[in-house]
Structures are given as structure tokens and as C-alpha cells.
Amino acid sequence: MFKNISSKQGAASVLVVVMMLVLMVFGLAMVTTTLAQLRLSNNHEAWVVKYYELEIAAQKRIADIDSILYQTETEVVAYMKSGDILNPNYNGPIANHRDYSDGFIIQDSVANQSQYLTDIFPMIYMEQLAINLDGIETLMPGTVVSIDENITGMSDITIKSSVTNKEEDYKKYIAFELKARIPEYSISYNGQIIDGVKAVAVADRYSITNYFELQEPVQYEEDIKFGNPFEKPADTPADTPADN
Amino acid sequence: MKILSSDKGFTLIEMILSIMILAIVSGVVIQLFVVSQDLGDRAKEADYATFTASNAMEVVKSVDDPGTIMNHEFFREADVVDGDVILLQLFYDEDYQVTTKANASYILSVYITEQEAYTKSLDARFDAEGQVVESSLCDIRVTYYKLEEEDSLLTIQSSSHYYTYVR
């Protein structure tokens, strides 16, 4: 028996078999590692796709809020431009009509009247905006409007909102806060016509003061499944709903 | 048995058999390395697709006016088709470097479409002679293709709300 062990016959075969085994183990380790890399890449890819899908809902929400700001500005501009502010029988969307027109009438010169119109434009806008934003919480779930008086005596209108996806994996939500910007108009009155020029440098109707995204960890499968690594995952539908 | 136990040498059949076994085992080992290389390439391709597409998306979202996107450094070498939709195409070679259409292995396409229902125009002056401020919601679609493959490697879609100044 000892004679057989000490014999060197067949040693080369043993070496070749061992080498092959080692190479096979290396090969399997490499396949496992690269498979894990591929799964990570696919997870990252899916995460990015889902994130941008959720941004569609967030940006649509911002555009919806901007529509309300636009509506308010056009209402107030029309109120001024048409001279409705001077019309005692005005019956339009501007809520506090009498207060403004009474104040205008008591001004003793066209210069003062122009200044009065310039000064009250932001007030009319903010009051009208508060009215137009009434009920937004019902229209856009997860939206909260807060109106605070700032040091200049004007109102600061802040709108907080959030959207979330309903996927089981990659669950995330985007929350944002935007502040309504008061349009800056310089208004002039010549005794007959009211004209106004907007400061275009601050033409944006809102400024985003906060915008962030939170997420839950990706749900990993606990069991290892050996599938075909070359099989392409099914394409995500183009209009996957990602909504509140 | 006598021949097998003899230490004079190997027969042809023994040689053929052992070479066959070695070839089969080596084939499996080589296959493992090839599969591994292929998987690694696919992972790299998926990563490049994701990073390139999301970089393009962020650039489109960052500009003030999507109509001027072709002036951005990222799209400096892009082919531009500006019609109802803004379509930009960037070409990448097999090393993921920007190249010409002729040498391209990958194509990055960016489509920007305006949602008309959300387009709001407001004249900056009461008498309608001033600058028009326009706000719009645009849909953005970024697709990363491999030239020889029919399906895209990656498609990401998003939207962005813009303010632009006309006139």
C-alpha cells in the first residue's frame, strides 16, 4: 500500500484533475460575481426608471398648482386692465371689490391713483389667490396650504404637497414645498386708461423652497433563483401610473 | 488487463479517451469564463445606459428653456431634429465615448414634447406689447439603444415644468 502511495505513476493526472477543479471553482465564482453585478445594475436601472416616473406625478402637481396661480394673476390683471376696479356695479371673480374701489376714489391725483393701484395689486392678488386655493386639499390629496403674515404685512402663501408611487418594490415618495411669488407690476393711470408692466425678471409665479425624495429599501428576494441571465426583463409600460 | 497494467506506455484509445475528457472539462471551464465575461459586459452596458440616460434627463430638466437644450455642453455634439417634438441624438462607440453616427455602437435619443393643456401664456404688459411669459409642462423621454438590437436597452420618462420668455 505504501509502495502504491509513494509511486509517482499518475501524479500528472492528479495535478491536471486538481487544476481543472480549481479552474472550475474560479469560473463558478466569476459567474456568481458577475451575475450579482448584473442584478445590481438591473436594480439600479429599475430604481432610476421608477424615480423619473414618480417625478412625472410631482411635476404635474406643480403644473396644476401653477395653473391656479396663473388663473389668479389673469383675473387680477383683467380686473385692473378693464377698469373693473372703478366699476361700482362690478360682479366678477374678485372678492373684495368694494374695498379697493373705495380706496381708489379717495386719491386726490392721478399720480396717487397710479401709486395706489401699484400698491394694492399684490394685496388683491394674495387675497384672490387664497380664495382660488380654497379646496385644493380635496382636489390634490396630500396638499396643504399655509398663509402667514410676513414682516411687511403681506401674506406668505406656502403650498406643501407630496406624491407617492404604489409599487410594492421601489416604494418612494417626493415631497415639495413651493412659495407663491407676488407678481410685480408697475401700474399707471392717466385718468382714462390703466396700464401695467410686469417686472419680467421675477416672472416665475412660484419658487420651490423644498424638494426631496424618500424611499424604502429595495425588496430583495430571499431565495436564490437560477433563471436565464440573458433573458431580457419585460418592458415597463410607457404610462405606468405613478400618482398620489 | 495485462496491457493496461503494463508501464510501457499508453495506447491510442487511452490517449483519445483522456484527451476527450480533458476537452470536455476544459470546454466547461472555458464556457464558465465566457459566460462570466458576457455577464460582466452586460452589467457594464446596463450601468452605462443608466448613467448616460439619467445624466441626459438631468440636463434637460436643469435648463430654463427646453428650446435651447442643444446649446448645452452635454448635447454639443448631438444631432438635432426640431419639429413638433425636440429630438436630440448622441452617438457612442463601443468604449462609451461620444462619436459620429458612422462609428456608433449605441444611440442616446432625447424627445421633448410640450403638453399643450398646460401651456399658459401671459403678456408682461397690459396693452399686450410686452414680453410674453410662458409656462409649460414638457414630457421628456430618454432612450438608450444598442445599434444591432431592436429593443432599447433603457427608456426613462419624466416631466418638467418650465418658464420661458418669448419675444
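Residues numbered from 1 in each chain as written. Chains lettered and ligands numbered in written order. Predicted model: local features only at pLDDT ≥ 70, side-chain atom pairs only at ≥ 80, totals over all residues.

Colleague: Whenever I open this one, the overall build of chain B confuses me. Can you help?
Modeller: The secondary structure content of chain B amounts to two helices and six strands. Of the regular secondary structure in chain B, the N- to C-terminal order runs α-α-β-β-β-β-β-β. The C-alpha atoms of chain B give a radius of gyration of 29 Å, which is well past the 15 Å a tight globule of 167 residues would have. Each of the three principal axes of chain B carries a C-alpha extent, and together these read 115 × 30 × 20 Å. Contacts spanning at least 24 positions in sequence make up 45% of the contacts within chain B whose residues lie at least 6 apart. (Helix = DSSP H or I, 4+ residues; strand = E, 2+ residues; numbered from the N terminus. Rg over C-alpha atoms; globule rule 2.2 N^0.38 Å. Contact = placed C-beta atoms within 7 Å.)

Colleague: Teacher, can you tell me more about unusual backbone geometry here?
Modeller: Negative phi is the rule for most residues except glycine; trans is the rule for most peptide bonds. Positive phi is not limited to glycine here, since B:Tyr96 has a value of about 65 degrees. Its location among the elements puts B:Tyr96 in the loop between strand S2 (86-92) and strand S3 (98-99).

Colleague: Help me understand the interface of chain B and chain A in this model?
Modeller: Interfaces are often sized by the amount of accessible area the parts lose when they come together. Listed by partner, the interface residues are 39 residues for chain B and 44 residues for chain A. Those elements that place two or more of their residues in the side of chain B that touches chain A are helix H2 (12-62), strand S4 (106-123), strand S5 (132-146) and strand S6 (152-166) of chain B. The element that contributes the greatest number of residues to the side of chain B that touches chain A is H2(B), accounting for 16 residues. Classifying every residue of the side of chain B that touches chain A gives 20 nonpolar, twelve polar and seven charged. (Nonpolar A, V, L, I, M, F, W, Y, C, P; charged D, E, K, R; others polar.)

Colleague: When you look at the confidence of the model for chain A in this model, what are you seeing that I'm missing?
Modeller: Any region with low pLDDT has predicted coordinates that should not be read closely. All names here are of chain A. With 82% of its residues at a pLDDT of 70 or more, chain A has an overall mean of 82. Within chain A, the lowest mean pLDDT, 61, falls on helix H1 (residues 2-6), and the highest, 92, falls on strand S3 (residues 172-180). The low-confidence segment residues 236-244 (pLDDT under 50) makes 15 contacts with residues lying over four places distant or belonging to another chain. (pLDDT = per-residue confidence, 0-100.)

Colleague: Is there a simple way to explain the pairing of S4(B) in this structure?
Modeller: Across a regular strand the side chains alternate sides, sitting on one face of the sheet and then on the other. Residues and elements named next belong to chain B. Here S2 runs beside S4; their pairing, made up of seven bridges, is antiparallel. Residue pairing for S4: leucine 90 is matched across the bridge by leucine 108. Alignment of S4 against S5, held across 14 bridges, turns out to be antiparallel. Across the sheet, the residue bridging to tyrosine 111 is arginine 141, located in S5. (Pairing = 2+ DSSP bridges.)

Colleague: I tried to follow the sheet that holds S3(A) on my own but got confused; where do I start?
Modeller: Working definition: the strands of a sheet are paired by backbone hydrogen bonds and lie parallel or antiparallel to each other. Residues and elements named next belong to chain A. Strand order in this open sheet of four strands is S1-S2-S3-S6, and the pairing throughout is antiparallel. Only two strands of the sheet have a single partner each, and these edge strands are strand S1 (144-149) and strand S6 (206-215). The average undirected angle you get between the axes of adjacent strands in this sheet is 15 degrees. Pairing between strand S2 (residues 155-164) and S3: seven bridges, direction antiparallel. Residue pairing for S3: lysine 160 is matched across the bridge by glutamate 177. Strands in contact with helix H2 (residues 11-81) are S2, S3 and S6; relative to S3, the strand with the most contacts, it is inclined by about 25 degrees. (Axes fitted to C-alpha atoms, helices over the stretch in contact; angles between N-to-C directions.)

Colleague: I keep staring at the environment of A:Ser109 and nothing clicks. Help me out?
Modeller: All names here are of chain A. Within the element layout of this structure, serine 109 appears in the loop between helix H3 (97-105) and helix H4 (110-132). The exposure class of serine 109 is exposed, given the 10 C-beta atoms found within 10 Å. Residues serine 109 and glycine 191, 82 residues apart in the sequence, show an inter-C-alpha distance of 9.0 Å. (Buried ≥ 20, exposed ≤ 12 C-beta atoms within 10 Å, placed from the backbone.)

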